[in-house]
Amino acid sequence: MVKIAVCGAAGRMGGRIIAAIKESEGVELSGALERPGHPMVGQDAGYNAGLGAIGVLISDDLNATVQGCDVLIDFTAPKVSLKNLEVCALYKKSIVIGSTGFTPEERALAAELAREIPVIIAPNMSVGVNVCFKVLADVAKILGEDFDVEIVEAHHRLKKDSPSGTAVRMGEVVADALGRDYNKVANYHREGICGERTHDEIGMQTVRGGDIVGEHTVYFIGMGERIELTHRAHTRDMFSRGSVRAAKWVVTAKPGVWDMQDVLGLR
Ligand SMILES: NC(=O)C1=CN([C@@H]2O[C@H](COP(=O)(O)OP(=O)(O)OC[C@H]3O[C@@H](n4cnc5c(N)ncnc54)[C@H](OP(=O)(O)O)[C@@H]3O)[C@@H](O)[C@H]2O)C=CC1
Ligand SMILES: O=C(O)C1=N[C@H](C(=O)O)C[C@H](O)C1
């Protein structure tokens, strides 16, 4: 039985992950974490999952919760995830990180902290998006230089980071396939007389509103035709099931940073 603790247990994803753990075989919920001072600390973790009481109370004790698990699933925010990664490394536990919005410096720090424990960091845990990552590289290579690439993503009004981690990864995949440096060619902003589109740029556009779970479209726009590759998430449940699948995988993995391409055998 793999013992899983969930950080961000009172959040939108935290509740769905707890529900996914309860419906999965071979895993059990060993702990649930929130930040000190959160109003749900001390309450049963099952309530946010819509399960009623399940006998696991939400704690704010990071060290004790990590010590009591085999793997921590963390869907919070980059700075919180880095702290959690540090504590998991201290106690030699695995961690699955779904948080998005990491800076390049934070990603490098995560890789350093992951030298002694297996870590999964993935901006999107769904099978569909991960298949998109794989085919995007092929589509970009086949279409080559004659097609302009633009990426548009849409999420709920409460999302804090922009563009989404998934959109950034899509941009990175396309840029790599075309031999470009994503950090140099990503264009996040067009306003006023901003000039003609440059050949290499990848436009990154963001929509925020209401309860959109998550939508991503990559446009390959040529002269006289275009391809649009779209993924639409209908619920958060495939992210949460993906994170439980990742937790089962990572407890037997070698130290280092892995992602869902590894878990799903897509690499
Ligand atoms: N990889 C993937 O497949 C997916 C990734 N995500 C990403 O997951 C992250 C969370 O998303 P979502 O669930 O919607 O966000 P929420 O804001 O609903 O949940 C985050 C939770 O983490 C809590 N939190 C903040 N600080 C700490 C701390 N120090 N210790 C423990 N808990 C803490 C928050 O508390 P408080 O509200 O008080 O700050 C909140 O309850 C985002 O980065 C999002 O982009 C989302 C969906 C899928
Ligand atoms: O914050 C969200 O909700 C989501 N975030 C992830 C991202 O930033 O890519 C994944 C998913 O689209 C939902």
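Residues numbered from 1 in each chain as written. Chains lettered and ligands numbered in written order. Predicted model: local features only at pLDDT ≥ 70, side-chain atom pairs only at ≥ 80, totals over all residues.

Trainee: Kindly report on the UniProt feature "binding site: (S)-2,3,4,5-tetrahydrodipicolinate" (unreviewed entry) in the protein, identifying the contributing residues and their values.
Mentor: What UniProt calls "binding site: (S)-2,3,4,5-tetrahydrodipicolinate" (unreviewed entry) maps, in this numbering, to H156, G165 and T166. Relative to the helices and strands, H156 is located in the loop between β7 (148–155) and α6 (165–177). Discounting residues that sit within four places of it in the chain, H156 has contacts with G210, D211 and I212. One can find T166 in helix α6. Taking the number of C-beta atoms within 10 Å as the measure of exposure, T166 has 25 and is therefore buried. Setting aside residues no more than four positions away along its own chain, T166 makes contact with P123, N124, V129, E153 and H216. (UniProt positions renumbered as here; feature names shortened; annotations may be inferred. Helix = DSSP H or I, 4+ residues; strand = E, 2+ residues; numbered from the N terminus. Contact = placed C-beta atoms within 7 Å. Buried ≥ 20, exposed ≤ 12 C-beta atoms within 10 Å, placed from the backbone.)

Trainee: Outline the packing of helix α3 (residues 78–90) against helix α4 (residues 104–113), listing residues and values.
Mentor: Relative orientation of the contacting elements α3 and α4 amounts to 10°, with a least axis distance of 10 Å. Put simply, α3 runs roughly parallel to α4. The residues of α4 that touch α3, namely those facing P78, L82, L85, E86 and A89, are E106, L109, A110 and L113. Tallied by class, the residues present in the contact of α3 with α4 amount to 7 nonpolar, no polar and 2 charged. (Axes fitted to C-alpha atoms, helices over the stretch in contact; angles between N-to-C directions. Parallel < 35°, antiparallel > 145°, perpendicular 65-115°, else oblique. Nonpolar A, V, L, I, M, F, W, Y, C, P; charged D, E, K, R; others polar.)

Trainee: So what's going on with the domain arrangement of the protein? Residues and values would help.
Mentor: Segmentation of the protein into domains returns domain 1 (2–125 + 236–263) and domain 2 (127–233). Taking the mean C-alpha position of each, domain 1 and domain 2 sit 28 Å from one another. Elements supplying a minimum of two residues to the side of domain 1 that touches domain 2: α8 (237–250) and α9 (260–263). Classifying every residue of the side of domain 1 that touches domain 2 by side-chain character gives 3 nonpolar, 5 polar and 1 charged. (Domains from an automatic or database assignment.)

Trainee: Tell me what's going on with the nonpolar core, and back it up with residues and numbers.
Mentor: In terms of nonpolar packing, the biggest core is built from 51 residues, with I4 and V6 touching the most fellow members. If we ignore the near neighbours within four places in the chain, the residues touching I4 are I21, V27, L29, S30, C69, V71, I73 and A247. One finds V129, L136, M170 and A175 within the second-largest nonpolar core, a separate group that totals 17 residues. (Core = buried A, V, L, I, M, F, W, Y, C linked by C-beta atoms within 7 Å.)

Trainee: So, the site of ligand 1: which residues are in play, and what are the values?
Mentor: Taken together, 26 residues lie around ligand 1, and G8, G11, M13, R35 and G98 are the ones closest in. At 3 residues, the largest contribution of residues to the shell around ligand 1 is made by helix α1 (residues 12–23). (Near = placed C-beta within 6 Å.)

Trainee: Break down the sheet that holds strand β1 (residues 2–7) for me, citing the residues and quoting the values.
Mentor: Ordered in space as β3-β2-β1-β4-β5-β6-β12, the 7 strands form an open sheet in which the pairing is parallel. Each of the sheet's edge strands pairs with one partner strand only, and the pair in question is β3 (58–59) and β12 (256–258). In terms of strand pairing, β1 meets strand β2 (residues 27–33) through 6 bridges, oriented parallel. Bridging from a neighbouring strand, V6 pairs with A32 of β2. Sheet strands touched by α3: β1, β4 (71–74), β5 (94–97) and β6 (118–121). Its angle to β5, the strand with the most contacts, is close to 165°. (Pairing = 2+ DSSP bridges.)

Trainee: Could you give an account of α6, naming the residues involved and the relevant values?
Mentor: Its 13 residues place the ends of α6 18 Å apart at the C-alpha level, agreeing with the 18 Å of an ideal helix rising 1.5 Å per residue. Taken together, the buried positions of α6 are occupied by T166, A167, V168, R169, M170, G171, V173, V174 and A175. The secondary structure elements touched by the buried residues of α6 are α5 (127–143), β7, α7 (182–185), β8 (186–187), β9 (202–208) and β10 (214–221). G179 sits one or two residues past α6 and shows a positive phi near 70°. (Expected span 1.5 Å × (residues − 1).)

Trainee: I'd love a proper account of the sheet that holds strand β11 (residues 226–233), names of residues and values included.
Mentor: Taken together, the 5 strands give an open sheet; going across it, the order is β8-β9-β7-β10-β11, and neighbouring strands pair in mixed fashion. With one partner strand each, in any of the chains shown, β8 and β11 form the two edges of the open sheet. Pairing of β7 with β10 involves 7 bridges; the strand directions are antiparallel. Each residue of the ladder has a partner; that of E150, found in β10, is Y219. Its contacts with the sheet put α5 on β10 and β11, and the angle it makes with β11 is roughly 170°. Along the sheet, α6 contacts β7, β8, β9 and β10; its crossing angle with β7, the most-contacted strand, is approximately 165°.

Trainee: Mind laying out unusual backbone geometry, listing which residues take part and the relevant values?
Mentor: In this model, S162 is joined to P163 through a cis peptide bond whose omega is -10°. Residue position: P163 is located in the loop between β7 and α6. The backbone of K92 sits at a positive phi, close to 55°, despite the residue not being glycine. Structurally, the position occupied by K92 is in the loop between α3 and β5. For K92, a count of 10 C-beta atoms within 10 Å corresponds to the exposed category.

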